[in-house]
Amino acid sequence: MADKPKKGLADVVAASTALSDIDGQAGRLFYRGYDIHDLAGRTTFEETAHLLQCGSLPTGEQLAAYGTELVRGRKLGTLAEANIPEIAEKQAPMEALRTLVSLAGGDDPDKDSNSPEANLRKAARLTAQQPILVARYHAARTGTTIADPDPELSIAANFLLQITGRTPGEHEVGIFDACLVLHADHTMNASTFAARVCAATLSDMHSAIVAAIGTLKGPLHGGANEQVMRTLESLDPSAVAQSVRDRLAAGEKIMGFGHRVYKTEDPRATHLRKMSQELAEASGDDKYYRMSKEMEEVVFETKGLYPNVDFYAATVYHYLGIPTDLFTPVFSVSRMSGWTAHVIEQHADNRLIRPDSEYIGERDQKWKPIAER
Ligand code: COA
């Protein structure tokens, strides 16, 4: 008899990858063999995207060429451009991105090719366009206009400028850039798996990314960072511990805690906690940081759960002036680098992903004509 399926495919190895690796017991994460503790704060998001998509940390010359490709690639095509106003009116941010990336697929000059070269070009374009799509959507729904991104600025700096409307300080840009690095890839997480399943049918890069965006949207995955902020806003600052205990006692999940793979602290949370503290102190209002610390203590005491990447990312984005409903879109801006690299990797050594299922329904049913049912 076949083994019982592992619910949620826990511990099932679903693909081979050279992109990222997690040591869940030690709480370590590596991108192509580099410890993220060595990358965050020292390697830019653009370098990290190059590492994932092209296979190595770039030399100065490679980075300049990749930077030029990103600048050229971020110009939106007419199909996506023309539909932003109506989409901004009718769709919530993650729905809008799902639609806009699909439209951008129609605009892409390589849309009919799955060749490795075309996929690399599409990966750079998608990485360059995602922050612009978020910013343009936000501008459309708030009735503001934004300047074109400055080719001299990084993706992180341009994004903060376009979203907040003010020139960000160097410290803020450094922190946001490190956030993008920390979220870039994470082995076989749900959205990456969705992208790989789609890509493995030999469908195209944009279709795979649309599948990934739809998957990231859920509160058990990327949507958790927005829910963390909503929880903080809903709590009475003087009764955090009791409220969290009550919620846990009622069987509620506290968003931003727990992880399928890490059995100790998520290494990304270590950086994000520190960033949150720094930004809270700089802002002169550390209320949400203090509340987060208290939540962390109570959840650990009560359930033995550690914060995951989404917990402190919420307050970091809040202190950076990013609207709460754009937190998950920000995650997609970063994870685009990983998703696209996974599609390239899947196509390079492809086999259809088609697992089996355990049948738990009725058997031997006797068919009856409709009048007798
Ligand atoms: N708050 C309270 N309890 C939690 C919890 C949380 N955030 N995360 C897990 N648990 C508990 C579950 O209730 C379950 O308890 P039980 O065995 O008594 O029923 C146990 O821990 C195992 O949880 P489960 O949901 O089965 O683990 P999973 O591996 O399937 O899920 C997550 C992993 C990340 C989906 C889960 O921890 C979660 O829902 N976290 C909140 C959402 C979140 O932050 N997502 C972002 C992930 S990076």
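In case you missed it, the structure is sitting above this.
Residues numbered from 1 in each chain as written. Predicted model: local features only at pLDDT ≥ 70, side-chain atom pairs only at ≥ 80, totals over all residues. Heavy atoms only, no water.

S.K.: How should I be thinking about the side chain of His50 in this particular structure?
M.R.: Note on placement: His50 falls in helix H2 (residues 45-54). Among the polar contacts made by the side chain of His50, one reaches the main-chain carbonyl oxygen of Ser56 at a distance of 2.7 Å. Here His50 is in contact with Gly55, Ser56, Leu57, Pro58, Gln62 and Tyr66, once residues within four sequence places are set aside. (Helix = DSSP H or I, 4+ residues; strand = E, 2+ residues; numbered from the N terminus. Polar contact = N/O pair within 3.5 Å; in protein donor to acceptor, adjacent residues only side chain to side chain. Contact = heavy atoms within 4.5 Å.)

S.K.: How should I be thinking about the packing of aromatic side chains in this particular structure?
M.R.: Evaluation of the coordinates by the stated rule reveals 7 aromatic pairs. Summarising the aromatic geometry, the rings of Phe176 and Tyr317 are spaced 6.2 Å apart at their centres and angled 75° between planes, so their arrangement reads as edge-to-face. Here the residue Phe176 occupies a position in helix H8 (residues 170-182), and Tyr317 occupies one in helix H15 (residues 309-319), the gap between them amounting to 141 residues. The exposure classification of Phe176 matches that of Tyr317, with both residues buried. Ring geometry for Tyr317 and Phe327: centres 5.5 Å apart, planes at 70°, overall edge-to-face. Of this pair, Tyr317 sits in helix H15 while Phe327 is found in helix H16 (residues 327-348), placing the two residues 10 residues apart along the sequence. Note on accessibility: Tyr317 and Phe327 belong to one class, buried. Members of the aromatic cluster, connected to one another through ring pairs, are Phe159, Phe176, Tyr317 and Phe327. (Phe/Tyr/Trp six-rings, centres within 6.5 Å; stacked < 30°, edge-to-face > 60°. Buried < 20%, exposed > 50% of the residue type's maximum accessible area, 1.4 Å probe, protein only.)

S.K.: Hey, could you run me through H2 in this one?
M.R.: In an α-helix, one turn spans 3.6 residues, which is why side chains three or four residues apart end up on the same side. Extensive coverage of H2 is indicated by the burial of 9 of its 10 residues. Phe45, Glu46, Glu47, Thr48, Ala49, His50, Leu51, Leu52 and Gln53 are the residues of H2 that are buried. Directly after H2, the chain includes Gly55, whose backbone phi takes a positive value near 105°.

S.K.: Any chance you could explain the nonpolar core here in plain terms?
M.R.: A general trend in soluble globular proteins is that nonpolar side chains are found buried together. Phe176 and Ile322 are the most contacted members of the largest nonpolar core, which totals 100 residues. When residues no more than four places from it in sequence are discounted, the contact partners of Phe176 are Ala156, Phe159, Leu160, Tyr317, Leu320, Ile322 and Val330. (Core = buried A, V, L, I, M, F, W, Y, C linked by side-chain atoms within 4.5 Å.)

S.K.: Just to check I follow, could you spell out the site of the ligand for this structure?
M.R.: Inspection of the region around the ligand gives 18 residues, with Lys253, Ile254, Gly256, Phe257 and Arg260 positioned closest. Between the ligand and Lys253 there is a distance of 2.6 Å, counted from an oxygen atom to a side-chain nitrogen or oxygen. Between an oxygen atom of the ligand and a main-chain N or O atom of Gly256, the distance comes to 2.8 Å. In isolation the ligand exposes 850 Å². Once the protein is present, 64% of that is buried. If you map the ligand onto the pockets, it falls in the largest pocket. Along the lines of polarity and charge, the residues of the shell around the ligand split into 8 nonpolar, 5 polar and 5 charged. (Near = heavy atom within 4 Å. Areas by Shrake-Rupley, 256 points an atom, 1.4 Å probe, with all protein chains shown as cover. 1 Å grid on protein atoms, 1.4 Å probe; cavity = no way out; pocket = protein on both sides within 12 Å on 5 of 7 lines; lining within 4 Å. Sits in = over half its atoms within 2 Å of the grid points. Nonpolar A, V, L, I, M, F, W, Y, C, P; charged D, E, K, R; others polar.)

S.K.: Help me out: how do you make sense of the pattern of salt bridges in this one?
M.R.: Think of it this way: side chains of opposite charge can pair up when their charged atoms draw near. The tally for this structure, following the rule as stated, stands at 19 salt bridges. Close ionic contact of Arg273 with Glu265 constitutes a salt bridge, the shortest N to O distance being 2.7 Å. Owing to a relative accessible area of 13%, Arg273 belongs among the buried residues under this scheme. A cluster of three or more residues bridged by salt bridges with shared partners is formed by Asp108, Asp110, Arg121 and Arg125. (Salt bridge = Lys/Arg side-chain N within 4 Å of Asp/Glu carboxyl O.)

S.K.: Would you mind showing me how to read the packing of helix H11 (residues 224-234) against H16 here?
M.R.: When two helices pack together, you describe them by how their axes are tilted relative to each other and by the distance separating the axes. Two elements in contact, H11 and H16, have axes separated by 7 Å at closest approach and are oriented at 150°. Regarding the angle of H11 to H16, the classification is roughly antiparallel. Relative to H16, H11 is oriented so that their crossing is right-handed. Here H11 contributes Asn225, Glu226 and Met229 to the contact with H16, which in turn contributes Phe327, Thr328 and Phe331. (Axes fitted to C-alpha atoms, helices over the stretch in contact; angles between N-to-C directions. Parallel < 35°, antiparallel > 145°, perpendicular 65-115°, else oblique. Left-handed = near helix turned anticlockwise from the far one by under 90°.)

S.K.: Can you walk me through the layout of surface pockets in this structure?
M.R.: Gaps between atoms show up when a probe of the same size as a water molecule is rolled over them. Quantified by volume, the largest pocket comes out at close to 1500 Å³. Of all the secondary structure elements, the ones that give two or more residues to the lining of the largest pocket are strand S1 (20-23), helix H9 (190-199), H15 and H16. At 3 residues, S1 tops the list of elements feeding residues into the lining of the largest pocket. (Points joined across faces, edges and corners; volume = space filled by probe spheres on them.)

S.K.: What am I meant to see in helix H14 (residues 287-303) here?
M.R.: Taking 1.5 Å per residue, 17 residues should reach 24 Å; H14 reaches 24 Å between its end C-alpha atoms and fits that length. Within H14, burial applies to Tyr288, Tyr289, Met291, Ser292, Met295, Glu296, Val298 and Val299. Packed against the buried residues of H14 are H11, helix H12 (240-249), helix H13 (267-283) and H15. Looking one or two places after H14, you find Gly304, whose phi comes out positive at around 70°. (Expected span 1.5 Å × (residues − 1).)

S.K.: What am I meant to see in the sheet that holds strand S3 (residues 34-35) here?
M.R.: Within a sheet, each strand pairs with its neighbour through backbone hydrogen bonds, oriented either parallel or antiparallel. Reading across from one edge, S1-S2-S3 is the order of the 3 strands in this open sheet, with antiparallel pairing throughout. The sheet terminates laterally at S1 and S3, the two strands that pair on one side only. The sheet contact formed by strand S2 (residues 28-31) and S3 spans 2 bridges and is antiparallel. Residue pairing for S3: Tyr31 is matched across the bridge by Tyr34. (Pairing = 2+ DSSP bridges.)

S.K.: For this particular structure, what's the right way to read unusual backbone geometry?
M.R.: The backbone of Leu9 shows a phi angle near 55°, a positive value even though the residue is not glycine. The residue Asp11 is not glycine, and still its phi comes out positive at about 65°. Of note, Asp11 is situated in the segment before S1.

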